[in-house]
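# Structural characterization, general
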Amino acid sequence: MVDVSIPPVVSALAGLATAGQRLGFKDGEAGVQIAELTGVAIASIAARKGLADDLSAKVQTLFGLPLPSEPKRVAAGDVSIIWSAPGQWLVVFESGGRQRVSDLTAALRGLASTTDQSDSRAIIEISGPRVRDVLAKGVMVDLHPSVFAPGNTAITLVAHVGAQLTCIDAAPVYQLMVPRSFCLSFWDWLISSAEEYGISIGAKGDPKKG
Amino acid sequence: MRIVCPFCGARDAQEFSYLGDASLQQRPDTPAGAPLDDAAHAAWHDYVYLRENPPGEHTEFWYHASGCRQWLKVTRHMRTHAISNVEAARPSSLRGAA
């Protein structure tokens, strides 16, 4: 018999860094905090032809969230929806694992094409007083708070790697979604760029659940 | 050079790939399998090989590969590279935007 149980989502950065670690410049407070968001399930949804409004209404009833029609992120509870392209979005579940993606696929049948992206992207959260100085070394998008505020998202290149950058909080806190297969290279760039400010590695989510 | 994507905003040109002349959307209408006469040969030669190189505005297709993965129709001045218009290549009815 083939085992059809749903495997958990595994950390993309396992072994690269440990929560609580301090890297780079050692004096004073760390300039940036970096944490992988683990145990997260991700689904991409693409509206079927002519059914975008019906899909939007369905998603509203499921999560109480609208489907953003421009590059924005909306969130409620453990669910966030991120614009991906015209008629396409990512739905991120911070708990419940892949079962949530299966449930969503069933709920949206006929309205949208749903694909499990949990193994395709890693989510890295970066915060701290020097976060914009770090991102400035690889991001070509204007991140000034007057134009890239909490809720704004951008699909762009970061250090030559395709990434989705989202502003989560004015603190500031940013989230970077990068393809898992590029994680090692991306991590090298991120750590090299942040070293001079001091880095503290954090943890978000539960790496054992997914 | 920056291109102002109608979906993503201003982005560096390295996020896009260039496809070609946007005025060449109509392929010559010749019946499949039929032998080509001189006129059809000439029409296909023009379509495949001959390109205008106007010293002014040119409409062209660009693909926002590292952004929203949408095809755009860009009007660019061939002497100055100044971009006067960018629009989605597909009509909005086909884009499924909510």
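Values in this document were obtained by computation on a predicted structure and should not be read as measured data.

### Some remarks on the domain arrangement of chain A
Residues and elements named next belong to chain A. The assigned domain composition of chain A is domain 1 (22-39 + 120-205) and domain 2 (41-116). In this structure, domain 1 and domain 2 have C-alpha centres spaced 24 Å apart. Every contact between the two is made by 13 residues of domain 1 and, on the other side, 12 residues of domain 2. At the boundary of domain 1 with domain 2, total buried surface from both sides reaches about 1100 Å², with 59% on carbon and sulfur atoms. At the boundary of domain 1 and domain 2, one finds zero salt bridges. Between the two partners, domain 1 and domain 2, sit three residue pairs in polar contact (both at pLDDT 80 or more). If you tally residues by element for the side of domain 1 that touches domain 2, the top one is strand β10 (residues 161-169), at three residues. Taken together, the residues of the side of domain 1 that touches domain 2 break down into five nonpolar, seven polar and one charged.

### With respect to the environment of Gly202 of chain A
All names here are of chain A. Tracing the sequence through the fold places Gly202 in strand β12 (residues 199-205). With 181 residues separating them in the primary sequence, Gly202 and Gln21 have C-alpha atoms 7.8 Å apart. Among all residues touching Gly202, those that are not within four sequence positions of it are Ala19, Ile34 and Ala35.

### A look at the side chain of Glu36 of chain A
Residues and elements named next belong to chain A. For Glu36, the location among the structural elements is in strand β2 (residues 32-38). No salt bridge is formed by the buried Glu36; the nearest opposite charge belongs to Arg180, separated by 5.0 Å. At a separation of 2.8 Å, a polar atom in the side chain of Glu36 contacts the main-chain amide nitrogen of Ala12. For Glu36, the residues in contact, after removing those within four places along its chain, are Ser11, Ala12, Leu13, Ile123, Ile124, Ala203 and Lys204.

### A look at helix α1 (residues 52-63) of chain A
Residue and element names in this part refer to chain A. The end-to-end C-alpha separation of α1 is 16 Å, in line with the 16 Å expected for 12 residues at 1.5 Å each. All buried positions along α1 are accounted for by Ala52, Leu55, Ser56 and Val59. The arc enclosing the buried residues of α1, seen along the axis, measures out at 100°, which places them on a common side. Exposed and oriented more than 90 degrees from the buried face of α1 are Asp53 and Thr61. In the core, the buried residues of α1 are packed alongside β3 (41-47), β5 (79-85), β6 (88-93) and β7 (112-116). Following α1 by one or two positions, Gly64 has its phi on the positive side, about 70°.

What counts, and where the lines are drawn
- Residues numbered from 1 in each chain as written.
- Chains lettered and ligands numbered in written order.
- Predicted model: local features only at pLDDT ≥ 70, side-chain atom pairs only at ≥ 80, totals over all residues.
- Heavy atoms only, no water.
- Domains from an automatic or database assignment.
- Contact = heavy atoms within 4.5 Å.
- Buried area = accessible area lost by both parts, 1.4 Å probe.
- Salt bridge = Lys/Arg side-chain N within 4 Å of Asp/Glu carboxyl O.
- Polar contact = N/O pair within 3.5 Å; in protein donor to acceptor, adjacent residues only side chain to side chain.
- Helix = DSSP H or I, 4+ residues; strand = E, 2+ residues; numbered from the N terminus.
- Nonpolar A, V, L, I, M, F, W, Y, C, P; charged D, E, K, R; others polar.
- Buried < 20%, exposed > 50% of the residue type's maximum accessible area, 1.4 Å probe, protein only.
- Lys, Arg positive; Asp, Glu negative; His and termini not counted.
- Expected span 1.5 Å × (residues − 1).
- Arc of directions from axis to C-beta.

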